[in-house]
Amino acid sequence: MAATKFEGWLGKDEKSVEGKMEWGSFEPKKWSEDDVDIEISHCGVCGSDLHVLKSGWSPTPYPCVVGHEIIGKAVKVGSNVKHVKEGDRVGVGAQARSCLQKDCPDCSTGAENHCRRANVNTYGSVYPNDEGKSYGGYATHNRTNGHFVLPIPEGLDSADAAPMLCGGITVFSPLKQNGCGPGKTVGIVGVGGLGHFGVLFAKALEADKVVGISRKAEKRDEVLQLGADQYIATDEDEDWAKKNAQTLDLIVCTVSSEKMPLDQYLQLLKTKGTFIQVGAPDGGKLPNINAFTLIASGIKVGGSAIGTPKEISEMLEIAAEKKVKPWIQKRPMKDANKTVVDMEAGKARYRYVLEN
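Here the residue numbering is sequential within each chain, running from 1 through the sequence in written order. Per-residue local features of the predicted model are confined to residues with pLDDT of at least 70, and side-chain atom pairs are confined, for both listing and counting, to 80 or more; whole-chain, interface and lining totals are unaffected and use all residues. Heavy atoms from the whole structure form the basis of all side-chain values; hydrogens and water molecules are not counted.

Undergrad: Please explain the overall build of the chain as it appears in this structure.
TA: Starting at the N terminus, helices and strands are each numbered in turn, a helix being any DSSP run of H or I of at least four residues and a strand any DSSP run of E of at least two. Along the chain, the regular secondary structure elements total 10 helices and 17 strands. Taken over the C-alpha atoms alone, the chain extends approximately 65 × 45 × 40 Å along its principal axes. Burial classes follow relative accessibility: with a 1.4 Å probe on protein chains only, a residue under 20% of its type's maximum area counts as buried, one over 50% as exposed, and anything between as partly exposed. Looking at the chain as a whole, 55% of its 356 residues are labelled buried. Across the chain, every contact between residues at least 6 apart in sequence was considered, and the portion connecting residues at least 24 apart equals 69%. For every accessible area listed, the method is Shrake-Rupley and the probe measures 1.4 Å; residues are considered covered only by the protein chains on display. Here the chain has roughly 15600 Å² of accessible surface; of this, 48% comes from carbon and sulfur atoms. In the chain, 44 positive and 46 negative side-chain charges are present, and the distance between their average locations comes to 1 Å. Here a residue-residue contact requires only that any non-hydrogen atoms of the pair lie within 4.5 Å. For the purpose of charge, His is not counted, nor are the chain termini; Lys and Arg are scored as positive and Asp and Glu as negative. Charge placement uses NZ in Lys and CZ in Arg. For Asp and Glu, CG and CD serve respectively.

Undergrad: Before we go on, may I ask you to explain the environment of Val 36 in this structure?
TA: Along the chain, Val 36 turns up in strand E3 (residues 35-44). For Val 36, a relative accessible area of 0% corresponds to the buried category. Residues within four places of Val 36 in sequence aside, it is in contact with Trp 31, Ala 74, Lys 76, Val 77, Val 81, Asn 142, Arg 143, Thr 144, Gly 146 and Val 149.

Undergrad: What should I look at first to understand the pattern of salt bridges in this one?
TA: Close approach of charged atoms allows side chains with opposite charge to pair. When a carboxyl oxygen of Asp or Glu lies within 4 Å of a side-chain nitrogen of Lys or Arg, that pair is called a salt bridge. Evaluation of the coordinates by the stated rule reveals 25 salt bridges. The partner of Arg 143 in a salt bridge is Asp 37, with the nearest N and O atoms 2.7 Å apart. Here Arg 143 is found in strand E8 (residues 141-145), whereas its partner Asp 37 is found in strand E3, with 106 residues between them in sequence. Assigned by exposure class, Arg 143 and Asp 37 land together as buried.

Undergrad: Would you mind showing me how to read the sheet that holds strand E12 (residues 230-233) here?
TA: Either a parallel or an antiparallel arrangement is found when strands of a sheet pair, and the pairing is made through backbone hydrogen bonds. Here we have 6 strands laid out as an open sheet, ordered E12-E11-E10-E13-E14-E15, and parallel in their pairing. Two strands close off the open sheet at either side, each with one partner strand: E12 and strand E15 (300-303). On average, each strand axis in the sheet is inclined to that of its neighbour by 20°, with strand direction left out of account. When strand E11 (residues 209-214) meets E12, the two strands line up parallel, connected through 4 bridges. Paired with Ile 213 across the strands is Ile 232, a residue of E12. To get an axis, fit a line to the C-alpha atoms, keeping to the stretch in contact for a helix; angles then go from 0 to 180 degrees between the N-to-C directions. On the sheet, helix H3 (residues 167-177) packs against strand E10 (185-189), strand E13 (248-253) and strand E14 (269-277) and is oriented at approximately 155° with respect to E13. In the packing of helix H4 (residues 193-204) onto the sheet, contacts are made with E10 and E11, and the angle to E10 comes to roughly 165°. Whether two strands pair comes down to DSSP finding at least two bridges between them.

Undergrad: It is not clear to me how the UniProt feature "domain: Enoyl reductase (ER)" (unreviewed entry) in the chain should be interpreted in this structure. Could you clarify?
TA: According to UniProt, the positions carrying the feature "domain: Enoyl reductase (ER)" (unreviewed entry) are residues 19-354. Secondary structure over residues 19-354 splits into 24% helix and 24% strand, and the C-alpha atoms at its two ends are 15 Å apart. UniProt positions are given in the numbering used here, feature names are shortened, and annotations may be inferred rather than shown by experiment.

Undergrad: Would you explain the environment of Thr 185 in this entry?
TA: Mapped onto the fold, Thr 185 is located in strand E10. With a relative accessible area of 12%, Thr 185 lands in the buried category. Along the chain, Thr 185 and Lys 102 lie 83 residues apart, while their C-alpha atoms are 38 Å from each other. Sequence-distant contacts of Thr 185, defined by excluding residues within four places in its chain, comprise Lys 209, Thr 247, Leu 248, Asp 249, Leu 250 and Lys 270.

Undergrad: Is there a simple way to think about the domain arrangement of the chain in this case?
TA: Where each domain begins and ends is defined by an automated method or by a domain database. Segmenting the chain into domains produces domain 1 (6-166 + 326-355) and domain 2 (167-303). The C-alpha centroid of domain 2 is placed 27 Å from the C-alpha centroid of domain 1. Counting residues at the interface gives 14 residues for domain 1 and 21 residues for domain 2. The term buried area means the drop in 1.4 Å probe accessible area that two parts suffer when joined, counted for both and summed. Summed over both sides, the interface of domain 1 with domain 2 buries roughly 1400 Å², with 56% coming from carbon and sulfur. In terms of surface lost to domain 2, no three residues of domain 1 exceed Cys 166, Trp 327 and Tyr 350, which account for 45% of the buried area on that side. For the interface between domain 1 and domain 2, the tally reads 1 salt bridge. The shortest N-O distance in the salt bridge between Arg 349 and Glu 222 comes to 3.4 Å.

Undergrad: Would you take a moment to explain the nonpolar core for this structure?
TA: When a protein is soluble and globular, its nonpolar side chains tend to lie buried together. Met 164, Leu 175 and Phe 201 are the most contacted members of the largest nonpolar core, which totals 49 residues. At the level of elements, helix H2 (158-161), H3, E10, H4, helix H5 (220-226), E12, E13 and helix H9 (309-322) are the ones that each hand at least two residues to this core. By residue number, the principal contributor to this core is H4, which donates 7 residues. Counting contributing residues per domain, this core is built from domain 1 (6-166 + 326-355) and domain 2 (167-303), each supplying no fewer than three. Once residues lying within four places of it in the same chain are set aside, the contact partners of Leu 175 are Cys 180, Val 186, Ile 188, Gly 198, Phe 201, Ala 202, Leu 205, Leu 250 and Val 252. Here the nonpolar core consists of buried residues drawn from Ala, Val, Leu, Ile, Met, Phe, Trp, Tyr and Cys, with membership extended through side-chain atoms lying within 4.5 Å. Counting 36 residues, the second largest nonpolar core, distinct from the first, contains Cys 43, Tyr 135, Met 333 and Ala 348.

Undergrad: Mind showing me how you'd approach the state of the cysteines here?
TA: Disulfide: a covalent bond formed between the sulfur atoms of two cysteine residues. The term disulfide is used for any two cysteine sulfur atoms that are within 2.5 Å. The tally for this structure, following the rule as stated, stands at 0 disulfides. This cysteine, Cys 46, is not joined by any disulfide, and Cys 166 carries the nearest cysteine sulfur, 3.9 Å off. Relative accessible area serves as the criterion here: at 5%, Cys 46 is assigned to the buried category. For Cys 64, which is in no disulfide, the shortest distance to another cysteine sulfur is to Cys 43 and amounts to 12 Å. Since its relative accessible area comes to 2%, Cys 64 is described here as buried.

As structure tokens, then:
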């Protein structure tokens, strides 16, 4: 059998985010019997792709192939991988490996996404022990550790499932972990690629009331169409924080801006409510929080990072069962450069998916 040729859209410097990625071949990580090779059919386009292409979070080890919402067919499966076989439809999210050691405080407790010892991203990471680099899904093929390669349930369209693997799980995990369900009122701040999944999954988890919160009123009809029960336009609705004070049990914030009105968002929480930040701004800066806002209301502020393989599997099963249908726009893989430029310009409604 001929060796698989790995080809994809290579970002070679910070300018690549301007639609200057170049198609070419690349060398995946060294093969091990823990790995799976995937022939990619679909890859979602995530805001993280833009941050990494332009070295926004930290210096990117160019050349880099971005894309961590990967769906395709397993074409080579290592002998140590038991839950996937050749020919299966599988997916990979934002994480390609953790240490998986029994003495790891994170991996041993099922929190692989927080592993501090050997956390490898699906793209833009350098593996330990000279194993090479991780390359993502704007490509023909992907190679990832089998623990992070998941079967895709029947009944889920591949193009719909792809953006769930990062965009979906990034909001599903904090919703699930913080008690979203019957009897709860939930706010989703920033209704874009991530936030639209927040509305969809809060409804799928049967929250009593879901409130979409974004800056402009122009999104109101779309967000209500997604299933939200209410919409707040923070730039345009007068006295929105006062009028909606103490109405929410949980807020998941997808916005990544140090200028967001964080103190006003916190005023929307009921006593003992919870605010979870998932948006990751360049430089990591958020607005200051007034200590008395926390103390007076007894509220909790936390963060959440993607999700574990177990949580992703659970999310996919719920999505199949509840027929969760993201709003996506499909683009051919050959148009990846234009798609990245359109994504940077904020044109996605609400998630682009590249198709091979």
